[in-house]
Amino acid sequence: GVINVAVGAIAMVAAYIFWALRTGYFGFQLSSVPAFALTLVCMAVFGAAIELAVFRPLRNTAPLAKLAASLGLLLVLQSGMIVIFGNSLKSAPSVLTSDTVTVFDRVVPKDRFLLAGIVIVVAAALWALYRWTPFGLSTRAASENEVSAMLAGLSPSRLAIVNTVLASVVAGGLGVLVAPLIALDAQTLAFQVVPALAAALLAGFTSFFIAC
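Residues numbered from 1 in each chain as written. Predicted model: local features only at pLDDT ≥ 70, side-chain atom pairs only at ≥ 80, totals over all residues. Heavy atoms only, no water.

Caption draft 1: Structural context of helix α4 (residues 110-132). When the terminal C-alpha atoms of α4 are compared, their 33 Å separation across 23 residues agrees well with the 33 Å that a helix rising 1.5 Å per residue should span. Looking at α4, one finds that the buried residues are Asp 111, Leu 115, Ala 123, Leu 126 and Tyr 130. Taken together, the buried residues of α4 touch β2 (106-109), α5 (134-144), α7 (156-182) and α10 (208-211). (Helix = DSSP H or I, 4+ residues; strand = E, 2+ residues; numbered from the N terminus. Expected span 1.5 Å × (residues − 1). Buried < 20%, exposed > 50% of the residue type's maximum accessible area, 1.4 Å probe, protein only. Contact = heavy atoms within 4.5 Å.)

Now the structure itself:
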């Protein structure tokens, strides 16, 4: 039940971690696949940390308090990346192909089509997860009425941490894929959440299909 405006910053953190792993910033250099996998693991751990440290203590507070906390998290992550990696634009390494195709006499990079396809597949997978699995149905039930969910034997705490971890991994993976398209920059990447929130609002915060 949290509108987390820090999701864009989470994607930004993942993009910086991937860049550091690919360029040897941490003292060792990995190829794309191991670096991408390790980045997703880092985002899973990070998602669990922010749920336990930020959102769980605020569970019983007003929605505005949770929104303010996520905004504070966004600013902290943005400032942290600037302090650690600097404020200069960096060339993000690409995971997807750099080949091009011609569409109606226009040269278009293939990665745009691949990224669109990945978004559709991820949205379909998430829709199926929350529509048909016990975990998804439990999450929807707890979101609608937390007290009733607890009386039915569900654990809102466990559901919350799994959902936050899942959101962080998805956001982090897409952040790594999107960064080469818009440059690796703490301010630009972090505020990509604004058009995403607009899409979520049009979808009523319930429809993966409309948001996609």
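There is more to say, and it comes next.
Caption draft 2: Representation of the packing of α4 against α5 within the structure. With their axes 5 Å apart at the nearest point, α4 and α5 run at an angle of 75 degrees to one another. Between α4 and α5, the angle is such that the two are roughly perpendicular. Note on element contacts: α5 touches α4 through Pro 134, Phe 135, Gly 136, Leu 137, Thr 139 and Arg 140, opposite Leu 129, Tyr 130, Arg 131 and Trp 132. Looking at the contact of α4 with α5 residue by residue, the classes come out as six nonpolar, two polar and two charged. (Axes fitted to C-alpha atoms, helices over the stretch in contact; angles between N-to-C directions. Parallel < 35°, antiparallel > 145°, perpendicular 65-115°, else oblique. Nonpolar A, V, L, I, M, F, W, Y, C, P; charged D, E, K, R; others polar.)

Caption draft 3: Focus on the nonpolar core. In terms of nonpolar packing, the biggest core is built from 30 residues, with Met 12, Val 13, Tyr 16, Leu 77 and Leu 184 touching the most fellow members. For this core, the secondary-structure elements that each account for two or more residues are α1 (7-23), α2 (32-55), α3 (63-85), α7 and α8 (186-190). With twelve residues, α1 is the single largest residue contributor to this core. Non-local contacts of Leu 77, meaning those with residues more than four positions away in its chain, are made with Ala 9, Ile 10, Met 12, Val 13 and Phe 46. (Core = buried A, V, L, I, M, F, W, Y, C linked by side-chain atoms within 4.5 Å.)

Caption draft 4: Structural view of the packing of aromatic side chains. The full count for this structure, using the stated rule, is nine aromatic pairs. Aromatic pair Phe 18 and Phe 36: ring centres 6.4 Å apart, planes at 85 degrees, arrangement edge-to-face. With Phe 18 in helix α1 and Phe 36 in helix α2, this pair connects stretches of sequence that are 18 residues apart. Taking relative accessible area as the criterion, Phe 18 reaches 1% and is therefore assigned buried. Relative to Phe 85, the ring of Trp 19 lies with its centre 5.9 Å away and its plane at 85 degrees, an arrangement referred to as edge-to-face. Here Phe 85 lies in helix α3 and Trp 19 lies in helix α1, a separation of 66 residues in the sequence. Classification of Phe 85 as buried rests on a relative accessible area of 9%. By way of ring pairs, the aromatic residues Tyr 16, Trp 19, Tyr 25, Phe 26 and Phe 85 are connected into one cluster. Between Lys 90 and the ring centre of Trp 19, over which it is positioned, the NZ or CZ distance is 5.4 Å. Over the ring of Trp 132 we find Arg 131, and its NZ or CZ is 5.5 Å from the ring centre. (Phe/Tyr/Trp six-rings, centres within 6.5 Å; stacked < 30°, edge-to-face > 60°. Lys NZ or Arg CZ within 6 Å of the ring centre and 35° of its normal.)

Caption draft 5: Geometry of the side chain of Lys 90. Tracing the backbone shows Lys 90 in the loop between α3 and β1 (100-103). Put simply, Lys 90 is tucked away with no salt bridge, and the nearest opposite charge, on Asp 185, sits 8.2 Å away. Engagement of the side chain of Lys 90 in a polar contact is seen with the backbone oxygen of Phe 85, the distance being 2.6 Å. Not counting residues up to four positions away in its chain, the partners in contact with Lys 90 are Tyr 16, Trp 19, Phe 85, Ala 183 and Leu 184. (Lys, Arg positive; Asp, Glu negative; His and termini not counted. Salt bridge = Lys/Arg side-chain N within 4 Å of Asp/Glu carboxyl O. Polar contact = N/O pair within 3.5 Å; in protein donor to acceptor, adjacent residues only side chain to side chain.)

Caption draft 6: Structural view of the pairing of β2. Sheet topology places β1 next to β2; four bridges connect them, and they run antiparallel. Bridge pairing in β2 places Thr 102 opposite Val 107. (Pairing = 2+ DSSP bridges.)

Caption draft 7: Structural detail: the packing of α2 against α3. At their nearest, the axes of α2 and α3 sit 11 Å apart, and the two run at 130 degrees to each other. When the axes of α2 and α3 are compared, the pair comes out oblique. Pair α2 / α3 crosses with right-handed handedness. The residues of α3 that touch α2, namely those facing Phe 46, Ile 50, Val 54 and Phe 55, are Lys 66, Ala 69, Ser 70, Leu 73 and Leu 77. Residue composition of the contact of α2 with α3, by class: seven nonpolar, one polar and one charged. (Left-handed = near helix turned anticlockwise from the far one by under 90°.)

All quantities given are derived from atomic positions and should not be read as evidence of function.
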